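Structural characterization, general
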Amino acid sequence: MEVRELSAKELTTIGIGSSYPVYFPENLEELKSLLRNEDIFIIGGGSNTVLSEKLNRKFVSLRKFRNILLEEDRITVGAGVKLSELLALQIQKKFSLFEFLAGIPKATVGGLVAQNAGAFGHEIKDRLVEVKFLSRETLEVEVLRDFSEFGYRKSPFPELGAVVEATFKIFHSQKVKEEMKKFVSLRLEKQPPFYLRTAGSTFKNPPGDSAGRLLDLAGLKGFSVGGVKFSEFHANFIVNEGGSFSEFLELVEMGRKKVKEKFGVDLELEVRVIT
Ligand SMILES: NC(=O)C1=CN([C@@H]2O[C@H](COP(=O)(O)OP(=O)(O)OC[C@H]3O[C@@H](n4cnc5c(N)ncnc54)[C@H](OP(=O)(O)O)[C@@H]3O)[C@@H](O)[C@H]2O)C=CC1
Ligand SMILES: C=C(O[C@H]1[C@H](O)[C@@H](CO)O[C@H](OP(=O)(O)OP(=O)(O)OC[C@H]2O[C@@H](n3ccc(=O)[nH]c3=O)[C@H](O)[C@@H]2O)[C@@H]1NC(C)=O)C(=O)O
């Protein structure tokens, strides 16, 4: 099995951390052998993940799970397929699926399902038909068709196991490219430009409100600790300009503290912080 030492800049969009061994299983048997070891993290595109420099853990990338089967009303894709590849296929074959996610830098199918990614009122689970996964408990391939445990940025994965493949409902659309352009423009109106190093939203939105609005009103837009800061574009994005993991944590705590003091609201992390 291929194992490579990759830096945090290669593994995650925010690029905080050091470098780590990453395993690239090619098939289910190799994935099984890794999943037996409890101490692994599955890494997708790393667009929602922040890593500590001192991690002594193995990472597993399903980058080699790249199958794509396009049918009349559905598409089945391996966990390692990138969102950008799916969006390109949507344009080429003219079908609607994830245009609302256009603009998320490096996301993979596994990560999108595991987090029930969503934007602009749409969520992954609305399009799911089934998820094939390697169960941590049985080490067998199982199929999930009941998505009642999926919620706001939440699914039973990765705790339940590693997503290896997902099937989504699709439908024909002549205007898929225009739709993508619309969503990318909406994103660029409010969120930092894609070339900045961020991990997307830092905190989940509290019920009925927006974490970005509260952080902004607490005066944190542009506030920095060392090399990390709350973005001037959108206060719920932390931008890395050469900072460390401890600076990131300090900034997160500052955000939590100020919002709690001013509004009495407890913010909950949306990014996956791995220590
Ligand atoms: N809505 C938006 O505007 C934006 C959304 N995003 C988020 O970024 C994510 C993009 O995905 P990606 O970059 O690939 O994710 P990541 O690599 O950042 O992983 C995110 C989570 O998914 C888990 N995961 C990844 N692959 C698998 C798999 N095959 N099976 C089970 N669990 C898995 C990880 O597990 P583990 O804990 O083991 O590491 C981790 O908990 C989306 O979920 C989305 O929420 C990002 C930016 C903007
Ligand atoms: C970026 C992510 O998801 C995003 C997703 O892209 C967008 C678009 O649908 O909606 C959510 O952002 P959001 O709730 O902050 O949406 P926005 O429309 O930008 O902001 C909500 C409100 O807060 C205000 N706002 C936002 C940021 C800020 O600094 N100041 C401010 O006042 C905005 O003006 C708006 O009135 C998701 N965030 C969460 C935590 O749910 C992600 O998952 O990583």
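Residues numbered from 1 in each chain as written. Chains lettered and ligands numbered in written order. Predicted model: local features only at pLDDT ≥ 70, side-chain atom pairs only at ≥ 80, totals over all residues. Heavy atoms only, no water.

As for the overall build of the chain
Tallying secondary structure elements over the chain gives seven helices and 18 strands in all. Computed over its C-alpha atoms, the radius of gyration of the chain comes to 19 Å, within 12% of the 19 Å expected for a compact globule of 275 residues. Judged by the C-alpha coordinates and their principal axes, the chain covers about 50 × 45 × 30 Å. Burial statistics for the chain: of 275 residues in total, 49% are counted as buried. Once local pairs closer than 6 in sequence are excluded, the contacts in the chain between residues at least 24 apart make up 64%. Entry remark: accessible area of the chain is about 13200 Å², with carbon and sulfur atoms responsible for 49%. (Helix = DSSP H or I, 4+ residues; strand = E, 2+ residues; numbered from the N terminus. Rg over C-alpha atoms; globule rule 2.2 N^0.38 Å. Buried < 20%, exposed > 50% of the residue type's maximum accessible area, 1.4 Å probe, protein only. Contact = heavy atoms within 4.5 Å. Areas by Shrake-Rupley, 256 points an atom, 1.4 Å probe, with all protein chains shown as cover.)

A look at the site of ligand 2
What surrounds ligand 2 is a group of 21 residues, the closest being F120, Y152, S201, N205 and D216. Backbone polar atom of S201 to an oxygen atom of ligand 2: 2.8 Å apart, as the coordinates give it. Within the contact set of ligand 2, an oxygen atom lies 2.8 Å away from a backbone nitrogen or oxygen of A235. Relative to its unbound accessible area of 840 Å², ligand 2 is 75% covered by the protein chains. Elements represented by at least two residues in the shell around ligand 2 include exactly helix 5 (176–190) and helix 6 (211–217). (Near = heavy atom within 4 Å. Polar contact = N/O pair within 3.5 Å; in protein donor to acceptor, adjacent residues only side chain to side chain.)

Quick look at the site of ligand 1
Near ligand 1 you find 30 residues, and of these I42, G44, G45, S47 and R187 are the closest. At 2.8 Å, a backbone N or O of G46 approaches an oxygen atom of ligand 1. Within the side chain of R272, a nitrogen or oxygen atom sits 2.8 Å from an oxygen atom of ligand 1. Notes on ligand 1: free accessible area 920 Å², of which the protein chains cover 96%. Element by element, the count of residues in the shell around ligand 1 is highest for helix 4 (residues 109–114), at four residues. Of the residues belonging to the shell around ligand 1, the class tally is 14 nonpolar, 13 polar and three charged. (Nonpolar A, V, L, I, M, F, W, Y, C, P; charged D, E, K, R; others polar.)

Re the domain arrangement of the chain
For the chain, the assigned domains are domain 1 (2–61), domain 2 (68–177) and domain 3 (192–274). Just the C-alpha atoms count here: the centres of domain 1 and domain 3 sit 24 Å apart. In this assembly, 16 residues from domain 1 lie in contact with 16 residues from domain 3. In total, domain 1 and domain 3 occlude about 1300 Å² of area from one another, counting both sides; carbon and sulfur atoms represent 57% of this. The tally of links between domain 1 and domain 3 comes to zero salt bridges. In terms of residues, the side of domain 1 that touches domain 3 owes the most to one element, strand 4 (residues 49–51), which gives three residues. Among the residues making up the side of domain 1 that touches domain 3, the classes are represented as seven nonpolar, seven polar and two charged. (Domains from an automatic or database assignment. Buried area = accessible area lost by both parts, 1.4 Å probe. Salt bridge = Lys/Arg side-chain N within 4 Å of Asp/Glu carboxyl O.)

Comments concerning the nonpolar core
Membership of the largest hydrophobic core comes to 35 residues, with the highest contact counts inside it found for I75, F98, L101, V113, I124, F157 and F168. Listing elements by their share of this core, those giving two or more residues are strand 7 (74–78), helix 3 (83–93), helix 4, strand 11 (128–135), strand 13 (161–169) and helix 5. Ignoring any residue separated from it by four or fewer positions in sequence, one finds L101 in contact with L83, L112, A117, G118, A119, I124 and R187. Counting 23 residues, the second largest nonpolar core, distinct from the first, contains V50, A211, F230 and V252. (Core = buried A, V, L, I, M, F, W, Y, C linked by side-chain atoms within 4.5 Å.)

Structural notes on helix 7 (residues 245–263)
For an α-helix, the turn length of 3.6 residues means that residues three or four places apart are oriented alike. Under the 1.5 Å per step criterion, the end-to-end length of helix 7 is 27 Å for 19 residues, consistent within 8% with the ideal 27 Å. Here helix 7 has its buried residues at F245, F248, L251, V252, G255 and V259. Here the buried residues of helix 7 occupy an arc of 125° about the axis, which is enough to place them on one side. In this structure, the buried residues of helix 7 make contact with strand 4, helix 6, strand 15 (224–225), strand 16 (228–230), strand 17 (238–240) and strand 18 (272–274). Directly after helix 7, the chain includes G264, whose backbone phi takes a positive value near 70°. (Expected span 1.5 Å × (residues − 1). Arc of directions from axis to C-beta.)

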